[in-house]
Amino acid sequence: MAKNLSLLDNTQIEAYLTSNSLKIGVIGIGRIGLPTALCFANSGFETIGIDINAELVTMVNSGDYPLKDEPEFDEIFENVHSQKKLVATTDISKAVPKCDIILLSLPTPIDDKNIPDYTAFSHVGKSLNKLLSNGQIVIVESTVEPGFIENELLHIIEGSNHTLKSGIDFHLAVCPETANPGEIMKDFKKLPRLVGSIDEKISSIVSQIYTRVFGVELILMPDCKTANAVKLTTNVFRDVNIAFVNELAILFEKLGIDTYTVIEAAKRKYNFQPHFPGPGVGGPCLPVNSYQYINSSKKIDGDFLKIVRQARKINENMPNHVVNLLSSALSESDTPLNNSTIAILGVSYKPNIHDVQIAPSEKIIKILTEKNAKIKIFDPYFTSKVFGLTTEKSIYDALSESDAAILITGHKEFQNLDLKKCSQTMKNSILIDCTGQVRPLDAKENGFIFRGIGRGGL
Ligand SMILES: NC(=O)c1ccc[n+]([C@@H]2O[C@H](COP(=O)([O-])OP(=O)(O)OC[C@H]3O[C@@H](n4cnc5c(N)ncnc54)[C@H](O)[C@@H]3O)[C@@H](O)[C@H]2O)c1
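Residues numbered from 1 in each chain as written. Predicted model: local features only at pLDDT ≥ 70, side-chain atom pairs only at ≥ 80, totals over all residues. Heavy atoms only, no water.

## A look at the pattern of salt bridges
Side chains carrying opposite charge are able to pair once their charged atoms draw close together. What the rule picks out here adds up to 23 salt bridges. Across the salt bridge formed by Glu145 and Lys299, the nearest N and O atoms sit 3.0 Å from each other. Residue Glu145 is found in the loop between β5 (136-140) and α7 (148-158), and its partner Lys299 is found in the loop between α12 (286-298) and α13 (306-332); the two are separated by 154 residues along the sequence. On the basis of relative accessible area, Glu145 is assigned to the buried category, the value being 2%. Since its relative accessible area comes to 53%, Lys299 is described here as exposed. Residues Glu177 and Arg193 are paired through a salt bridge, measuring 3.0 Å at the closest nitrogen-oxygen approach. Within this pair, whereas Glu177 is found in the loop between β6 (170-174) and α8 (184-190), its partner Arg193 is found in strand β7 (residues 193-197), the two being separated by 16 residues in sequence. Exposure class is identical for Glu177 and Arg193. Each is buried. Residues joined by salt bridges that share partners form a network here, namely Arg31, Asp69 and Glu70. (Salt bridge = Lys/Arg side-chain N within 4 Å of Asp/Glu carboxyl O. Helix = DSSP H or I, 4+ residues; strand = E, 2+ residues; numbered from the N terminus. Buried < 20%, exposed > 50% of the residue type's maximum accessible area, 1.4 Å probe, protein only.)

## Observations concerning the site of the ligand
Inspection of the region around the ligand gives 23 residues, with Arg31, Ile32, Asp51, Thr108 and Pro181 positioned closest. Ile32 places a main-chain nitrogen or oxygen 2.9 Å from an oxygen atom of the ligand. Between Ile52 and the ligand, the recorded distance is 3.5 Å, taken from a backbone N or O atom to a nitrogen atom. Notes on the ligand: free accessible area 820 Å², of which the protein chains cover 86%. Tallied by class, residues from the shell around the ligand come to 12 nonpolar, 7 polar and 4 charged. (Near = heavy atom within 4 Å. Polar contact = N/O pair within 3.5 Å; in protein donor to acceptor, adjacent residues only side chain to side chain. Areas by Shrake-Rupley, 256 points an atom, 1.4 Å probe, with all protein chains shown as cover. Nonpolar A, V, L, I, M, F, W, Y, C, P; charged D, E, K, R; others polar.)

## Thoughts on the nonpolar core
Judged by nonpolar contacts, the single largest core of 46 residues is most densely connected at Leu5, Leu38, Phe40, Phe73, Ile139 and Tyr210. Ranked by residues supplied to this core, first place goes to helix α9 (residues 200-214) with 7 residues. Ala249, Leu325, Ile377 and Ile453 belong to the second-largest nonpolar core, a separate cluster that totals 34 residues. (Core = buried A, V, L, I, M, F, W, Y, C linked by side-chain atoms within 4.5 Å.)

## Focus: the packing of aromatic side chains
If you walk through the whole model with that rule in mind, you get 11 aromatic pairs. Relative to Phe214, the ring of Phe40 has its centre 5.8 Å away and its plane inclined at 85°; by these criteria the two rings are edge-to-face. Of this pair, Phe40 sits in helix α2 (residues 33-42) while Phe214 sits in helix α9, and the two are 174 residues apart along the sequence. Given the relative accessible area of 0%, Phe40 is considered buried. Residue classification places Phe214 among the buried residues on the basis of a relative accessible area of 11%. When the ring of Tyr260 is compared with that of Phe276, the centres are 6.1 Å apart and the planes differ by 15°; the resulting orientation is stacked. With a gap of 16 residues between them, Tyr260 in helix α11 (residues 259-266) and Phe276 in the loop between α11 and α12 connect regions that are remote in the sequence. Accessibility expressed as a relative area gives 11% for Tyr260, which makes it buried. One Lys or Arg, Lys3, reaches over the ring of Tyr16 and ends 5.2 Å from the middle of that ring. Looking at Arg193, its charged tip hangs above the ring of Phe188, at a distance of 4.9 Å from the centre. (Phe/Tyr/Trp six-rings, centres within 6.5 Å; stacked < 30°, edge-to-face > 60°. Lys NZ or Arg CZ within 6 Å of the ring centre and 35° of its normal.)

Structure, rendered in structure tokens:
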């Protein structure tokens, strides 16, 4: 039977931690859940990864590390796999009753109307209602709106007939994950963690456990909703500031000012935090988190978060701006967009990872396809297909016969491009840079008609 840690004192819990005799369940072993499960397993705890993705479960159980673009975890994976410290299953009903601590690292996307979609939580919450019993601690690592835990998840787990009672049959806590894809291990080692719970004693137990596993600073929050508000605030701060520089970038293109020169100088001022323009803001976090805050604000009378709504509009319009830059460059060389061939360099929503969730590249490709352009894609992280299109084997395969190239993602493989060779490979030497990686003068000296987001005063 699972242990009820809430009935123990610190010394007794410490004894369980020292002897590694706690069993951990992680529900959702994707980008965030798997690295988290690996850390618990690597600390010596028997860990069960629970996921509805049977293919992923098979990969984990057969020792095939699924997150190839997430450094440092491959070795840990091999280690815990050979020691059988981490096993995976699709069978939640067998796994949960064995676990003392259950972490939820479930997806929290938005739907096509930008409303948060908590389907995974709803399913898992209903299952937990049937499976929890002895005061197990459920820790939500996913990013959710402030109040979701207290006002929704708690009631789903308690059940409509109140068959379970929070604080007795189970305990709810949050530890919102703030790591960045591609750098999860680096972030796990250095970022403080936020801990909140429905009752204070549970926060202290969760802190004790996380300190043992991660060894970083724990910041105790007064409740779950405040912890979730901190997580959202850090990401929405970025979404809003990126919108600000995107607006400046478009203005500076008209004013003949180089945005990167401005930001480089501005950041010398101690209280300026640099953000950079780009083709839009993608990924499972920033855009989603802004809509989560917007959704929270809709539940309250009043006109809140106008700035966040506006930021979303600005960032979501950036793919159109990229296409405008392309159209202007094409008309300089008298090439119609219709029937032209456009090389897309990079599709991931951020550099150095294999991830196209809410990626601006998808919208850019959609607009160009609607305008009858032919698309060739090269992304070193997508070696066969993406968005249903076959990708090119090399950058030069993508550039050959192309009328223009759009550098969308600043992957490390696109740094120090041989611009001369690139321009000589193309049918028409047009380069649109969304990343700030290409210096306008270099592009021009190597024969390109060049446009870059925010690159006024070329
Ligand atoms: N990826 C990031 O950059 C990042 C960073 C910090 C926080 N987060 C947050 O962490 C959470 C998880 O994100 P992620 O990127 O790991 O998502 P993900 O899609 O990579 O992983 C989620 C996993 O949950 C599984 N799943 C879905 N429904 C399930 C169910 N009913 N039962 C069991 N498993 C189920 C999926 O199969 C998948 O493997 C989200 O709330 C996200 O906002 C993500």
